[in-house]
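Architecture and fold: a report
Chain residues, written in single-letter form:
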Amino acid sequence: MNASSSPEPALLQKAELQSYVVKGLQAHLPAHALLWQTEDTTPYECDGLTAYRQHPLVVALPETYEQVQAVLQTCHALKVPVVARGAGTGLSGGALPNALGVTLSLAKFNKILKIDPASRTALVQGGVRNLAISEAAASLGLYYAPDPSSQIACTIGGNVAENSGGVHCLKYGLTLHNVLKVRGFTIEGEAVEFGSDALDTAGLDLLSLVIGSEGMLAVTTEVTVKLIPRPQLARCIIASFGDVRRAGEAVAAVIAAGIIPAGLEMMDKPMTAAVEGFVHAGYDLSAAAILLCESDGTPEEVDEEIARMSEVLQRCGATVLAVSQDEAERLKFWSGRKNAFPASGRISPDYMCLDSTIPRKRLADILIAISEMEKKYRLRCCNVFHAGDGNLHPLVLFDANDPDQLHRCELFGADILETSVAMGGTVTGEHGVGVEKLNSMCVQFTAAENEQMFAVKRAFDPQGLLNPGKVIPTLQRCAEYGKMVVRDGQIAHPELPRF
């Protein structure tokens, strides 16, 4: 079927369009790989950003590369949008379905194709779980370094889309720094390859372009990742501080001392209380903030670095220091940080996890600002973040069953993101923009800068069919968001659009 023979989707009623798309895809997919009944598509209505939900027109679950290619070619011919989906653990609505489009699930592409200990690489399909790579390479003494909190479930294809990091990204880098090659298909079904098996590639660095592009440029089917030797030893320090400013200053002091910890995380008092009641990690509940500082390497390296970090932390006013004495205790220390999200789910019906970055020296400033926002929006907020690289993850607690609370939560989140930009940071670190941060992109980027991003999008996807309406705000949207209103003598956010 070619584009000239297919009717415009906008000219069809939704039921008619659905029938038309299903008929087109049935020629390429077995019956069990195609879903369109409401009860079957409901599990795909949202990703980890559960505040926004939308049923897809159709869900396709291909099992071969040829089927992926055929789905894309068919949708391109029919001018139907496509939203690629991995495990659905993303937190920005990047996998939110299009009501008039196809959700393309890569869940069945879950094979580790090759592990090469000589080159320290692994070739995996896009639906392979992040943690499964390290589990498969463990017998060789190797592992995959990026470790998002959702690593037990999130897929490598999703990690590529969002440029995911994790608690050890300070020392070992984000997805971008740990991937050599990405293979996939464009919206037209053309096979594409970014990067190479070598450490560098001739020509433009399109690998850096596709990683973090949030499914807007291509659909990922295979990824070649770097593996690194598992360190001989790792130990973790928990440091308690009486106020958040001293904790923030300690983060900057550790880095200024020339130390790059394997992990450097921070949690405020509400967050430590939430996780301690959940996993009983032994956190100091009297502290205003705690730092988790990890060192790894040879035993000699670890001993020296732990001593240096301890000295810096004590000099910065740490009230209590505890150092893990064995692997079990180290994992116990980290269990609270790794379970921050489920722990928050125990104390609130819903939460919205934000993601912005700021200069490390402004950590205390942003936490104090968020504390004031809690009063302004009448909602609680727990804070946990990658302190070493200034990547914040505030969790705003609310009840989605109350429309007013949801609205105040949206305003709270927008305020955090815009304050981060004002402090010299960015609106996103590793969760992506998706639909959650579209308005805030209008604050950070000019219309000309957004148009440059649209130009890249058009080069790969001229009709705008891959994950449309995400990541890059339109000029009209930014104009609407820029119309600030005055309430009670103060500038307030305009009404936020519903998705």
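Before reading on, note that the structure itself is shown above.
Scope of this entry: the structure provided in the associated data block.

Considerations on the overall build of the protein chain
Scanning the protein chain from N- to C-terminus turns up 17 helices and 21 strands. Radius of gyration (C-alpha) of the protein chain: 23 Å, near the 23 Å computed for a compact globule of 499 residues. Reported as C-alpha extents along the three principal axes, the dimensions of the protein chain are approximately 75 × 65 × 45 Å. Scored against the burial criterion, the 499 residues of the protein chain give a buried share of 55%.

Focus: the pattern of salt bridges
Taken as a whole and judged by the stated rule, the model has 23 salt bridges. The residue R245 makes a salt bridge to D365 at a minimum N-O spacing of 2.9 Å. Of this pair, R245 sits in helix 8 (residues 244-256) while D365 is found in helix 13 (residues 363-377), placing the two residues 120 residues apart along the sequence. One connected set of salt bridges, linked through shared partners, spans R183, E193 and E222.

What to know about the packing of aromatic side chains
Here a ring pair, both rings aromatic, is described through the centre-centre distance and the interplanar angle of the planes. Inspection of every chain in the model, using the stated rule, returns 4 aromatic pairs. Relative to F109, the ring of Y65 has its centre 5.5 Å away and its plane inclined at 10°; by these criteria the two rings are stacked. Remark: F109 occurs in the loop between strand 4 (102-105) and strand 5 (112-116) and Y65 occurs in helix 3 (residues 65-78); sequence separation between them is 44 residues. On the basis of relative accessibility, which here comes to 24%, the residue Y65 falls in the partly exposed class.

Topic: the sheet that holds strand 10 (residues 219-226)
A sheet is described by the order of its strands in space; here 5 strands give the open sequence 5-6-10-8-9, paired in antiparallel fashion. The open sheet has two free edges, formed respectively by strand 5 and strand 9 (191-195), since each of these has just one partner strand. For this sheet the average axis-to-axis angle between neighbouring strands, irrespective of direction, equals 10°. Taken together, the 6 bridges between strand 8 (residues 179-185) and strand 10 define a ladder with antiparallel strand orientation. Looking at strand 10, one finds that R183 is bridged to E222.

Some words on the side chain of R337
Positionally, R337 belongs in helix 11 (residues 327-338). What makes R337 buried here is its relative accessible area of 1%. For R337, the side chain forms a polar contact with the side chain of E265, separated by 2.7 Å. Other than its neighbours up to four places away in sequence, R337 contacts S149, V167, E265, M267, Y283, L292, V384, H386 and H393.

Looking at the packing of helix 8 against helix 13
Where helix 8 meets helix 13, the closest approach of the two axes is 8 Å, and the angle between their N-to-C directions is 150°. As far as their axial angle goes, helix 13 and helix 8 are roughly antiparallel. For the crossing formed where helix 8 meets helix 13, the hand is right-handed. Facing helix 8, whose interface residues are V244, R245, G248 and V251, helix 13 presents L363, A364, D365, L367 and I368. Split into classes, the residues belonging to the contact of helix 8 with helix 13 amount to 6 nonpolar, 1 polar and 2 charged.

Some points on helix 12 (residues 340-347)
Within helix 12 the residues assigned to the buried category are A340, F341, A343 and S344. Across the axial projection of helix 12, the buried residues extend over an arc of 160°, all falling on one side. Buried-residue contacts for helix 12 involve helix 9 (269-279), helix 11, strand 16 (350-353), strand 18 (381-386) and strand 19 (391-398).

Re the side chain of E294
For E294, the location among the structural elements is in strand 14 (residues 289-297). Overall, the relative accessible area of 2% leaves E294 in the buried class. A polar side-chain atom of E294 sits 2.9 Å from a polar atom in the side chain of R330. Residue contacts for E294: discarding those within four places in its chain leaves H168, A234, R235, C236, P261, A262, G263, E305, M309, R330 and W334.

Points about the environment of L475
Mapped onto the secondary structure, L475 falls in helix 17 (residues 475-481). It is 9.2 Å that separates the C-alpha atoms of L475 and A448, two residues lying 27 residues apart in sequence.

So, the sheet that holds strand 2 (residues 58-60)
An order of 1-2-4-3 is seen for the 4 strands of this open sheet, with the pairing classed as mixed. Strands with a single pairing partner mark the edges of an open sheet, and in this sheet they are strand 1 (34-35) and strand 3 (82-85). Of the strands in this sheet, strand 1, strand 2 and strand 4 are in contact with helix 1 (residues 14-26), which crosses strand 2 at around 15°. Packed onto the sheet, helix 3 meets strand 2, strand 3 and strand 4 and runs at close to 165° relative to strand 4.

Notes on the pairing of strand 5
Regular strands show a simple pattern: their side chains alternate between the two faces of the sheet. As paired elements, strand 5 and strand 6 (residues 121-125) share 4 bridges and run antiparallel to each other. Bridge pairing in strand 6 links I112 to V124. Linkage of strand 5 to strand 6, two consecutive antiparallel strands, is achieved through a turn of 4 residues, within which R120 is found at a positive phi near 55°.

How each quantity is defined
- Residues numbered from 1 in each chain as written.
- Predicted model: local features only at pLDDT ≥ 70, side-chain atom pairs only at ≥ 80, totals over all residues.
- Heavy atoms only, no water.
- Helix = DSSP H or I, 4+ residues; strand = E, 2+ residues; numbered from the N terminus.
- Rg over C-alpha atoms; globule rule 2.2 N^0.38 Å.
- Buried < 20%, exposed > 50% of the residue type's maximum accessible area, 1.4 Å probe, protein only.
- Salt bridge = Lys/Arg side-chain N within 4 Å of Asp/Glu carboxyl O.
- Phe/Tyr/Trp six-rings, centres within 6.5 Å; stacked < 30°, edge-to-face > 60°.
- Pairing = 2+ DSSP bridges.
- Axes fitted to C-alpha atoms, helices over the stretch in contact; angles between N-to-C directions.
- Polar contact = N/O pair within 3.5 Å; in protein donor to acceptor, adjacent residues only side chain to side chain.
- Contact = heavy atoms within 4.5 Å.
- Parallel < 35°, antiparallel > 145°, perpendicular 65-115°, else oblique.
- Left-handed = near helix turned anticlockwise from the far one by under 90°.
- Nonpolar A, V, L, I, M, F, W, Y, C, P; charged D, E, K, R; others polar.
- Arc of directions from axis to C-beta.

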